[in-house]
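# Chain and residue survey
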Amino acid sequence: MSEQEPILVLKGPPGFGAELEGEALVSQQGFNARYDMDRRRGVFSRPSHDLYPHSFVDKILVFTTGKGGVATSWALQDLVVKGIAPKAVIFRRANPIVCQGAVFAGLSIMHRTDPDPCEALMSGDWLRLKPAEGLIEVLRRKA
C-alpha cells in the first residue's frame, strides 16, 4: 500500500476486512447485489440505478444502504467466486444482511463514518481503507 499522506480522512467504527486501496464508485442510492448487478458481466444492470451501466469490478463501492434480503449474501459470494467482485463496500449505514454478505464473501466493509461517505466521496477518488481502525483515507481526488 501507498505511504502517501491522506488529503481527507473519514472516521467511523471498526469495520471488517483487509486494508486496501482502490478507486471509489459512489452512489446516492442503496443497492441490492442480486437485482442491481449483472453478476455475469460485472456491471450495474438496473437502468434506474444511478451507477448504471458502470463496472463495479475491483472498485470500492459507496452506497447509502443495502436493500433486499438474504440473497445479497450469496450474490456477493458469487461475485467473488467469478472473479468480478468489488474490492470493498462502504455504506452511510449498513444493514445486518449486507454485513453478513460482505463477511461471508470476504469483502472489506465499513459504515457510519464522519463525514458522511455519500457526501464526502466522489466517484474516481482513490481511497485507502483501514477497516480495523475505522479509517477511510482519500489519497487522490477525482481528476
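Residues numbered from 1 in each chain as written. Predicted model: local features only at pLDDT ≥ 70, side-chain atom pairs only at ≥ 80, totals over all residues. Heavy atoms only, no water.

### A word on the packing of aromatic side chains
Stated formally: Classification of ring pairs uses Phe, Tyr and Trp, with its six-membered ring standing for Trp, and accepts pairs whose centres are within 6.5 Å; under 30 degrees between planes counts as stacked, over 60 as edge-to-face, and the remaining range as tilted. For helices the rule is a DSSP run of H or I covering at least 4 residues; for strands it is a run of E covering at least 2, with both sets numbered from the N terminus onward. The buried label applies to any residue whose accessible area, calculated with a 1.4 Å probe on protein chains only, is under 20% of its type's maximum; exposed applies above 50%, and partly exposed to all values in between.
Following the criterion strictly, the structure yields 5 aromatic pairs and no others. A centroid spacing of 6.0 Å and a plane angle of 25 degrees characterise the contact between Phe31 and Phe91, whose relative ring orientation is stacked. You can see Phe31 sitting in the loop between strand 2 (20-26) and strand 3 (37-38) and its partner Phe91 sitting in strand 6 (residues 88-91), a full 60 residues away along the chain. Phe91 matches Phe31 in its accessibility class, with the two residues each being buried. Among the aromatic residues, ring-to-ring pairing joins Phe31, Phe44, Phe56, Phe63 and Phe91 into one connected group.

### Details of the sheet that holds strand 5 (residues 60-63)
Applied cut-off: In this scheme, strands are said to pair when DSSP sees at least two bridges between them. Under this scheme, a helix contributes an axis fitted over its contacting stretch, all axes are lines through C-alpha atoms, and angles between N-to-C directions fall in the 0 to 180 degree range.
Pairing is mixed across the open sheet formed by 7 strands, whose spatial order is 1-9-8-2-5-6-7. The sheet is open, and its two borders are formed by strand 1 (8-11) and strand 7 (108-111), each paired with just one other strand. Neighbour to neighbour, the strand axes of the sheet diverge by 30 degrees on average, direction disregarded. As defined by bridge partners, strand 1 adjoins strand 9 (residues 135-140) across 4 bridges and the pair is classed as antiparallel. Bridge pairing in strand 9 places Val9 opposite Glu137.

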